[in-house]
Amino acid sequence: MSLKLASSNQKKLKEYQELFPEIASITINDQKEIFADKDLIVFYKVKNINMPDVIIEDTILEIEDNGTWKEVVDIKYTVRQLKKEQRANWVVTLGLLKDNKILLFRGNIQGRID
């Protein structure tokens, strides 16, 4: 199996190539953004491109607001609303179409807004 990473974001592809030079990258057309939870977003993107063995990545920020965790899927529009020292999680979800099944993988980093 030869995995590839797909994105419309050239900067993202370059960053991943630096981390994982053994994984090829391909440029795809920009996907229509949907406002949904992190699993549905990646599921949608993988289903849309419909290419086996191609990794799709999506990153969101979760912030704690009055004891409740909220997903910020539109960070470029809401970054100015974040509060200093607010608890936060960066959540990366990878999706892969393998043997006609969509597989999801997740990692996260916890911290505070600086």
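As a starting point, this report considers the structure included with it.

**Some details on the overall build of the protein**
Per the secondary structure count, the protein includes three helices and six strands. Along the protein, from the amino end to the carboxyl end, the secondary structure elements read β-α-β-α-β-β-α-β-β. Judged by the C-alpha coordinates and their principal axes, the protein covers about 45 × 25 × 20 Å. Across the 114 residues that make up the protein, the buried fraction comes to 31%. Across the protein, the fraction of contacts at a sequence separation of at least 24, relative to all contacts at a separation of at least 6, is 49%. Split by element, the accessible area of the protein, about 7,900 Å² in all, is 51% carbon and sulfur. Once the 18 positive and 18 negative side-chain charges of the protein are each reduced to a mean point, those two points are 2 Å apart.

**What about unusual backbone geometry?**
Even without a glycine there, the phi angle at aspartate 53 is positive, about 60°. Topologically, aspartate 53 is positioned in the loop between helix H2 (38-49) and strand E3 (54-65). Looking at aspartate 53, the relative accessible area reads 17%, which means it is buried. At glutamate 85, a residue that is not glycine, the phi angle is positive and equals roughly 70°. One can find glutamate 85 in the loop between helix H3 (75-78) and strand E5 (87-98). Take glutamate 85: its relative accessible area is 47%, and that puts it in the partly exposed class.

**Focus: the environment of leucine 5**
With respect to the secondary-structure elements, leucine 5 resides in strand E1 (residues 4-7). The sequence separation of leucine 5 and glutamate 57 amounts to 52 residues, and the corresponding C-alpha distance is 8.0 Å. Those residues in contact with leucine 5 that sit more than four places away from it in its chain are Leu13, Tyr16, Ile23, Ala24, Ser25, Ile26 and Ile55.

**Focus on the nonpolar core**
Within the largest apolar cluster, eight residues are counted, these being Ala6, Ile28, Val42, Val46, Ile49, Val54, Ile56 and Leu97. Listed by contribution, the elements that provide at least two residues to this core are H2 and E3. In terms of residue count, H2 provides more of this core than any other element does, three residues in total. Counting six residues, the second-largest nonpolar core is a separate cluster that includes Leu61, Ile63, Val72 and Leu82.

Rules used in this analysis
In this convention, every chain numbers its residues from 1, walking through the sequence in written order. Restriction of local features to residues with pLDDT of at least 70 applies here, the model being predicted, together with a cutoff of 80 or more for giving and counting side-chain atom pairs; totals for whole chains, interfaces and linings are based on all residues. To obtain the side-chain values, all non-hydrogen atoms of the structure were used and water was disregarded. Put simply, DSSP H or I for four residues or longer makes a helix, DSSP E for two residues or longer makes a strand, and each gets a number counted from the N terminus. When accessible area is computed with a 1.4 Å probe and restricted to protein chains, residues below 20% of their type maximum are described as buried, those above 50% as exposed, and intermediate ones as partly exposed. Contacts are residue-level and defined by heavy atoms, with any inter-residue pair within 4.5 Å sufficient. The protein chains shown are the only cover counted for residues, whose accessible areas, like all others here, come from Shrake-Rupley with a 1.4 Å probe. Positive charges are assigned to Lys and Arg, negative charges to Asp and Glu, while His and the chain termini are left out of the count. A charged residue contributes its charge at one atom only: NZ of Lys, CZ of Arg, CG of Asp or CD of Glu. Nonpolar core, defined: a set of buried Ala, Val, Leu, Ile, Met, Phe, Trp, Tyr and Cys residues in which side-chain atoms within 4.5 Å join the residues together.

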